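Per-entry structural report
Each chain, letter by letter, is given below.
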Amino acid sequence: QVQLVESGGGLVQAGGSLRLSCAASGRTFSMNGMGWFRQAPGKEREFVAAITSGGSTNYADSVKGRFTISRDNAKNTLFLQMNSLKPEDTAVYYCAAGVSRLLWIPRSQATYNYWGQGTQVTVSS
């Protein structure tokens, strides 16, 4: 089992920045790809960004150029640097980890095995 705990959420004005962290514990050696997803009120959870164990990244078009995903494998921590935040970025942000190297699809929630509890990000206009 892998446990994921997000932190760093909060309230920020439009144009501001936040940095989310996701600390992993447990059988972290089994993790392969990791990602961030978000769910706004009344909407389905959606893909934000993902990163492979080797550092290759993938972003949703809505955040490309504003968000940066990174990971520190030695510290088992995933990050999401969010710049130029917009009110439409308001959501609960979840980190997730996938185990399979062959079956993991960065944008597919079904291919992630472990999820954090989420952290709220609110962007005011």
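The sections below set out a description of the structure shown in this document. Source: prediction; values computed, not measured.

**A closer look at the sheet that holds strand S1 (residues 2-7)**
If you walk across this open sheet you meet the four strands as S1-S3-S8-S7, and the pairing is antiparallel. One side of each edge strand has no neighbouring strand; the edge strands of this open sheet are S1 and strand S7 (67-72). Across this sheet, the average inter-strand angle for adjacent strands is 15°, counted without regard to direction. Alignment of strand S3 (residues 18-26) against strand S8 (residues 77-82), held across six bridges, turns out to be antiparallel. From the neighbouring strand, Ala23 faces S8, where its bridge partner is Thr77.

**Thoughts on the state of the cysteines**
Considering all chains together, one arrives at one disulfide under this definition. The disulfide bridge from Cys22 ends at Cys95, spanning 2.0 Å between sulfur atoms. On the sign convention where negative is left-handed, the bridge of Cys22 and Cys95, at about 40° about the S-S bond, is right-handed. Taken together, the residues Cys22 in strand S3 and Cys95 in strand S9 (residues 91-97) connect sequence positions 73 residues apart. The pair Cys22 / Cys95 is uniform in exposure class, with both members buried.

**Remarks on the pattern of salt bridges**
Tallied over the entire structure, the rule returns four salt bridges. Between Glu46 and Arg38 there is a salt bridge, with the nearest N and O atoms lying 2.7 Å from each other. Residue classification places Glu46 among the partly exposed positions, given a relative accessible area of 36%. Close ionic contact of Arg38 with Asp89 constitutes a salt bridge, the shortest N to O distance being 2.9 Å. Note that Arg38 is positioned in strand S4 (residues 34-39) and Asp89 in the loop between S8 and S9, a separation of 51 residues in sequence. Ionic contacts of the salt-bridge type, sharing partners, join the residues Arg38, Glu46, Arg66 and Asp89 into one network.

**Topic: unusual backbone geometry**
If you check the backbone angles, Asn76 has positive phi at about 50° while not being a glycine. Here Asn76 shows up in the loop between S7 and S8. When its relative accessible area of 24% is taken as the criterion, Asn76 is described as partly exposed. A positive phi angle, close to 50°, is found at Ser84, a residue other than glycine. Here Ser84 shows up in the loop between S8 and S9.

The rules behind these values
Residues numbered from 1 in each chain as written. Predicted model: local features only at pLDDT ≥ 70, side-chain atom pairs only at ≥ 80, totals over all residues. Heavy atoms only, no water. Pairing = 2+ DSSP bridges. Helix = DSSP H or I, 4+ residues; strand = E, 2+ residues; numbered from the N terminus. Axes fitted to C-alpha atoms, helices over the stretch in contact; angles between N-to-C directions. Disulfide = S-S within 2.5 Å. Buried < 20%, exposed > 50% of the residue type's maximum accessible area, 1.4 Å probe, protein only. Salt bridge = Lys/Arg side-chain N within 4 Å of Asp/Glu carboxyl O.

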